[in-house]
Amino acid sequence: MSTRRILILHKISPYQYLLRRPSLLTYCPPHSRILSRFKKTHAAHYQTLRALEKFLRASRIPYVKKRRGQMRDYRGFDLIVSVGGDGTFLEAARHLTDQYILGINSDPVWSVGRLCTAHPGNMTKVLRRILSGKFRVRPLHRLELTISRE
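The following refers to the structure shown. As the structure is a computational prediction, the values presented were derived from the model and not from experiment.

### Regarding the pattern of salt bridges
For step 1, the next point in the chain: Taken as a whole, this structure holds 3 salt bridges when the rule is applied.
For step 2, the next point in the chain: Across the salt bridge formed by Arg68 and Glu91, the nearest N and O atoms sit 2.8 Å from each other. On the criterion of sequence distance, the pair formed by Arg68 in the loop between β2 (63-67) and β3 (79-84) and Glu91 in helix α3 (residues 86-94) is long-range, its members being 23 residues apart.
For step 3, the next point in the chain: Judged by relative accessible area, which is 36%, Arg68 ranks as partly exposed.
For step 4, the next point in the chain: For Asp73, the salt bridge goes to Arg75, with nearest N and O atoms at 2.7 Å.
For step 5, the next point in the chain: Overall, Asp73 belongs to the partly exposed group, its relative accessible area being 38%.

### Focus: the nonpolar core
For step 1, the next point in the chain: Judged by nonpolar contacts, the single largest core of 18 residues is most densely connected at Leu52, Leu102 and Ile104.
For step 2, the next point in the chain: Taken together, the elements giving at least two residues each to this core come down to β1 (6-10), α2 (33-58), β3, β4 (100-105) and α4 (123-131).
For step 3, the next point in the chain: Looking at which element gives the most residues to this core, the answer is α2, with 5 residues.
For step 4, the next point in the chain: In this structure Leu52 touches Ile8, Val81, Val83, Ile104, Met123 and Leu127, once residues within four positions along its chain are discounted.

### Some remarks on the packing of α2 against α4
For step 1, the next point in the chain: Look at α2 against α4: their axes get within 11 Å of each other, and the N-to-C directions meet at 35°. Read as a crossing pair, α2 and α4 show a hand that is right-handed. Between α2 and α4, the contacting residues are Thr48, Ala51, Leu52 and Phe55 on the first element and Met123, Thr124, Leu127, Arg128 and Leu131 on the second.
For step 2, the next point in the chain: Taken together, the residues that form the contact of α2 with α4 break down as 6 nonpolar, 2 polar and 1 charged.

The rules we used
Residues numbered from 1 in each chain as written. Predicted model: local features only at pLDDT ≥ 70, side-chain atom pairs only at ≥ 80, totals over all residues. Heavy atoms only, no water. Salt bridge = Lys/Arg side-chain N within 4 Å of Asp/Glu carboxyl O. Helix = DSSP H or I, 4+ residues; strand = E, 2+ residues; numbered from the N terminus. Buried < 20%, exposed > 50% of the residue type's maximum accessible area, 1.4 Å probe, protein only. Core = buried A, V, L, I, M, F, W, Y, C linked by side-chain atoms within 4.5 Å. Contact = heavy atoms within 4.5 Å. Axes fitted to C-alpha atoms, helices over the stretch in contact; angles between N-to-C directions. Left-handed = near helix turned anticlockwise from the far one by under 90°. Nonpolar A, V, L, I, M, F, W, Y, C, P; charged D, E, K, R; others polar.

Structure (structure tokens):
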């Protein structure tokens, strides 16, 4: 696959979301289990994102990184890489034209990623296969409608 440019589309972690809305922190005591979980998933997500960027820089592959919801025009990109879970993947898929998409579940412990092929443990292996052209495309339909068994 010719990868001239990659778009990384990533989510905002729940912890980061809380920090942007301090009024919500009143519902989460500082030492609560939920806040602790949010911090762990935040760390896992951004560790995955950093590892992806490190791999792309080492491979000398140009990329642009955008937060989910910031970009809708994917022209000029060969591969869209969503980092998060199924929500991030589906948002990215909505705006595809003729690009490939790879979903990376950034925290499989807490994030649902049934549509994501990769995760932190296999991410570089999957990317190497894609970059070498040794990958299989799996078409996914976003909507299926059955009327009278047809």
